[in-house]
Each structure stands twice: as structure tokens, then as C-alpha cells.
Amino acid sequence: MTGERGLIARHAGTVLVGQLAVMAFGVTDTIIAGRYSEHALAALSVGAAIFVSVYVSLMGVLQALLPVWAELHGAGRGGEVGRSVRQSLYLAGIAIAVGMVALLLPGGALRWTQVPAEMRGEVEAYLAVLAFALAPSLLFRLFSTLNQSLGKPQLVTWLQLASLVVKLPLSIWFTFGGAGLPAMGLVGCAWATLCVNWAMLGCAVWLLRSSAFYRGYALWERIEPPNWHQIRQFARLGVPGGLAVLVEVTSFTLMALFIARLGTAAAAAHQIASNLLAVAYMMPLSLAIATSARVSFWLGAGDPAKARNACRLGFELAMLCALVYAGAMVALRYELANVYSDNPEVIALAALLLPVVAVYHLADALQTLCVFVLRCYRVTLAPLVIYCAMLWGLGLGGSYLLAYRGLGPWPAMQSPLAFWIMSAGALALTGLLFSALLRWTMQKRAG
């Protein structure tokens, strides 16, 4: 048991370091934009929300393939991994095309959510650059998913750490200008991301070609024509998973867009809370990746008892870490807000949000572990339905009513706090429903 727990913890720790390096892209951009101007920070709140919605949803489609390759690995069928990975490139190509269209044409969403006109131009310029950073980012995610499924995330983590070393100075230089380069403002952060993403993909391709670790998986044989049967199998697993992520993330995105109409201080405070939550999310995400890799490995090896044990250990680690982070978020709420902004109004409002954000994080940790392990058992449609009802219905719909129209005996709050209160409650219910579904699924599989 100790060995399995240690294996999950080491795998998750390695993934976490890499994920935090990538997350630091957003943290540094938020700090840089905040220091550049309050307007740039508010525009980043909207632009980042849209990009994250598109990217994470499509990433969810590709990340959902992890159980497929982990099961092949557990069953000792490494020679079949290469053919499966090559077929996944067709799915990745479709995802890239869809995502680029969404990022290049955001005007409808901005107008529908009544984002102030003075923000739209800067947001659209920011997203136009990131549209061309999407392809390398998603292809690198495929490389990352492959490594995680094989239990070897170290190479990915080293590349992600190296990319941060390049990203930080580039973002500062492009945003503020210098050495003959004019200040670009917020769009400079997007250009830095574009440069770094293509560099990371280039390094990943070189590793796949040169590292001895990958030779047994026959990755570099000629790509076969599309095998639509296999691609449909990928889609049945990945598309519901991606749509579930889309529901979760768009509920978050629409929060940012609806909050934007409350003014720049509210949008900036929400961006601080969102950014801290995104950093917190990296821990349960890393543990979910590591746990699902082990669960799928044991399922592929034909040992469901060890799969259940891996699941239990992953949950214990995730909830312990979530409690520690949530407590720190509450205790240090003013200090954390001050890192992002020197505006007293923004700091006070962000500090008001963070205790509710801490509750949201606890619920997020629970539901994240559940949904990843449910994918190992090929359960994807039920989580999608629950997400739609809870996050879009109760969470976002209830938030909008509480913020702008009043809900039952409560008058309209006219504050971003309304969105966080309702969303945290909806996510907590989601986690409880997922827990019950996972328990039922495992009992059914055991029987």
C-alpha cells in the first residue's frame, strides 16, 4: 500500500511541478498586466477566460485518451501504443481547427455578455495571437498525455520548467518594450506565449525521435490512413470528457464575462481569485492524472482490486492537500491579493472573495478525482449531464440571479461574491453526486 501511495505521490509531484510551471504563465501574465495598467488586467480577465475555455475543453478531449494508453501499457501491449497515438493525431487536428475558429471570432460572445466596448479591441487582439499558439499547445498536450499514461512524466516537466525561464523575460519585454521594441501592452504576453509554445513542441518532437525510452512503442512508423472505428472510440471517450470540461470551464468563463459589467475593480478582483484558484487546481489535477494512470494500469493488467486501492489512495492524498491549500488561502487572503495589485479597492474585494474560493477548491478537488477515475471505467455521459445541470443551471444561472435580479428572499448583490457563492455550492453538489456514481460503478465492476 505504501509503495502504491508513494508511486502515485511521486507521479503527481512530477506532474504538479510541470503544471505549476505552465500555470505560472498565467500568474506572471496577470502580475505583468496588473503592473502595466488596471485596464490591461481587466482585459486579461476576459481574454484569458475565453482562451482557457477553448483550450481546456479541447485539451480535455485529448487528456481523456490517457486511460487508453495506460491500459495498453498495463496489459503489456506497448507495440500497439504507436499506432494508437498516430490515430489520435487526426482527432487533434480536428480540435485545433475548431479552437482556432473560436479564438479568431470571439466578437459574438463579447457582445452577448455585454463586455464593455472599450475592452473588446484589446481582448480580440490578444486572442488573435493566441489562436496561432493553440496548435503547438494541444500537440504538446498529446505528448504530455502519452508520457503520463506510460508513468514517465519527467521529460514533460523538464520542458515545462525550461519554458517558464524563457516565458517570463519575454512577457516583460514584449509588454513594456525596450531594446528597440515598442511596448505592446497585453498583446505582448500573447506573443511571448506563442514563441514559447512552438519552442516546447519542437523540443518534444526531438525527444520523441531521439530518446531510447520511446523506441519500444513504434511511434515513428508511417502514419496510417484514418481508422474511423478507432477514432470513433476515441471520440466516445474524449468528446464527452471534453464537453464536460467545456461546461465546467465555460461556467467559469461566463462568470468573468458577466462580472466584467460590474466595472474594472470587480473584474480585476475576480481575476485574482480565479488565478489563485487555477494554481490550487493544479494539485488535484496532478493527483487525478497520476491516480487515473495507476487505476487504468491495473485495470489493463486485470487486477480491479488494486485499481480500487489506487483510487482510494489518490483520494486521500488529494483531499489532504486541498485542505492545506484552502486554509492557506483564507489565512493569507490580504497578502495574496496584494501580490497582484496595489489598488486598495481591488485588494479588499479580492480578500472578500477568497474564503468562498477556498470552499470552491475543496469541492473542486473532490469532483476532479472522481471524474478522472470515472473515465478509467469509461463512464463519461453521466458526468456530462450532471455538469450541465449543476454548473450551468444551479451555479451560473443561480449566480446571475443572485447578482443582478435577486434570488428568493435575497436581494441582488451587485457583487462578484454572488457568483462565487452559488458556484461553490453547485460544485459541492457535483462532487457528492460524482462520488456516489463512482462508488456504484466500482461496486458494479467488482460484482
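Rules behind the numbers
Residues numbered from 1 in each chain as written. Predicted model: local features only at pLDDT ≥ 70, side-chain atom pairs only at ≥ 80, totals over all residues. Heavy atoms only, no water. Helix = DSSP H or I, 4+ residues; strand = E, 2+ residues; numbered from the N terminus. Rg over C-alpha atoms; globule rule 2.2 N^0.38 Å. Contact = heavy atoms within 4.5 Å. Areas by Shrake-Rupley, 256 points an atom, 1.4 Å probe, with all protein chains shown as cover. Lys, Arg positive; Asp, Glu negative; His and termini not counted. Charge placed at Lys NZ, Arg CZ, Asp CG, Glu CD. Phe/Tyr/Trp six-rings, centres within 6.5 Å; stacked < 30°, edge-to-face > 60°. Buried < 20%, exposed > 50% of the residue type's maximum accessible area, 1.4 Å probe, protein only. Lys NZ or Arg CZ within 6 Å of the ring centre and 35° of its normal. Core = buried A, V, L, I, M, F, W, Y, C linked by side-chain atoms within 4.5 Å. Salt bridge = Lys/Arg side-chain N within 4 Å of Asp/Glu carboxyl O. Axes fitted to C-alpha atoms, helices over the stretch in contact; angles between N-to-C directions. Nonpolar A, V, L, I, M, F, W, Y, C, P; charged D, E, K, R; others polar.

Enquirer: Looking at this structure, I do not really get the overall build of the chain. What am I missing?
Expert: Within the chain one finds 16 helices and zero strands. Taking 447 residues into account, the globule formula puts the C-alpha radius of gyration at 22 Å, and the chain, at 21 Å, falls close to it. Each principal axis of the C-alpha atoms in the chain carries an extent, and together these give about 60 × 55 × 40 Å. The long-range share in the chain, meaning contacts at least 24 apart out of those at least 6 apart in sequence, stands at 82%. Accessible surface, the chain: about 17600 Å² in total, of which carbon and sulfur atoms supply 69%. When the 28 basic and 17 acidic side-chain charges of the chain are each reduced to a single mean position, those positions are 12 Å apart.

Enquirer: Sorry, what's going on with unusual backbone geometry here?
Expert: What is expected of a backbone is that most residues other than glycine have negative phi and most peptide bonds are trans. Phi angles above zero are rare outside glycine, and Ala218 is one such case at about 50°. For Ala218, the position within the fold is in the loop between α9 (186-210) and α10 (228-260). With a phi close to 65°, Arg378 is a non-glycine residue in the positive phi region. In this structure, Arg378 sits in the loop between α14 (344-376) and α15 (381-405).

Enquirer: Whenever I open this one, the packing of aromatic side chains confuses me. Can you help?
Expert: For any pair of aromatic rings, the description consists of the separation of the ring centres together with the inter-plane angle of the planes. According to the stated counting rule, one finds 13 aromatic pairs in the structure shown. Look at Tyr360 and Trp420: their rings are 5.5 Å apart centre to centre, the planes differ by 75°, and that puts the pair in the edge-to-face class. With Tyr360 in helix α14 and Trp420 in helix α16 (residues 416-446), this pair connects stretches of sequence that are 60 residues apart. By the burial criterion, Tyr360 is buried, and Trp420 matches it. Aromatic ring contacts, followed pair by pair, group Phe140, Phe143, Phe213, Tyr214 and Tyr217 into a single cluster. Across the ring face of Trp220, the terminal group of Arg209 is positioned such that the distance to the ring centre comes to 4.5 Å. The positively charged end of Arg261 is found above the aromatic ring belonging to Tyr404, 5.1 Å away from the centroid.

Enquirer: I keep staring at the environment of Trp420 and nothing clicks. Help me out?
Expert: Exposure remark for Trp420: the relative accessible area of 0% places this residue in the buried category. Taking the C-alpha atoms as reference points, Trp420 and Gln19, separated by 401 residues in sequence, lie 24 Å from one another. Ignoring anything within four residues of it in the chain, the contact list for Trp420 reads Phe252, Met255, His270, Ala273, Ser274, Leu277, Leu353, Val356, Val357 and Tyr360.

Enquirer: Would you mind going over the environment of Leu20 with me for this structure?
Expert: With respect to the element layout, Leu20 can be found in helix α1 (residues 2-36). For Leu20, a relative accessible area of 34% gives the class partly exposed.

Enquirer: Would you explain the nonpolar core in this entry?
Expert: The biggest cluster of nonpolar side chains holds 160 residues, and the ones touching the most others in it are Val46, Leu138, Phe143, Val295, Tyr377 and Trp420. Broken down by element, the residue count for this core peaks at 21 residues, all from helix α11 (residues 264-300). Once residues within four sequence positions are removed from consideration, Val46 is found in contact with Leu110, Val115, Met119, Val123, Leu257 and Ala260.

Enquirer: Just checking my understanding: could you explain the pattern of salt bridges for this structure?
Expert: Side-chain pairing between opposite charges can occur once the charged atoms of the two side chains come close. Using the criterion set out here, one finds eight salt bridges in the structure. With a closest N to O distance of 3.3 Å, Glu316 and Arg5 form a salt bridge. With Glu316 in helix α12 (residues 304-331) and Arg5 in helix α1, the pair connects residues that are 311 residues apart, well separated along the chain. A salt bridge links Glu316 to Arg312; its shortest N-O distance comes to 2.8 Å. A residue pair is termed a helical-turn pair when its members lie 3 or 4 positions apart in one helix, as Glu316 and Arg312 do in helix α12 at four residues. One continuous salt-bridge network, built from bridges that share partners, spans Arg5, Arg312 and Glu316.

Enquirer: What is the right way to read the packing of helix α7 (residues 134-149) against helix α8 (residues 154-176) from this model?
Expert: For any two helices packed against each other, the geometry is given by the interaxial angle and the distance between the axes. In the contact formed by α7 and α8, the axes pass within 8 Å of each other and the chain directions differ by 145°. Packed against α7, whose contacting residues are Phe140, Phe143, Ser144 and Asn147, the element α8 presents Val156, Leu159 and Gln160 at the interface. Residue classes in the contact of α7 with α8 are distributed as four nonpolar, three polar and no charged.

Take it as geometry only, folks, not as evidence of what the structure does.
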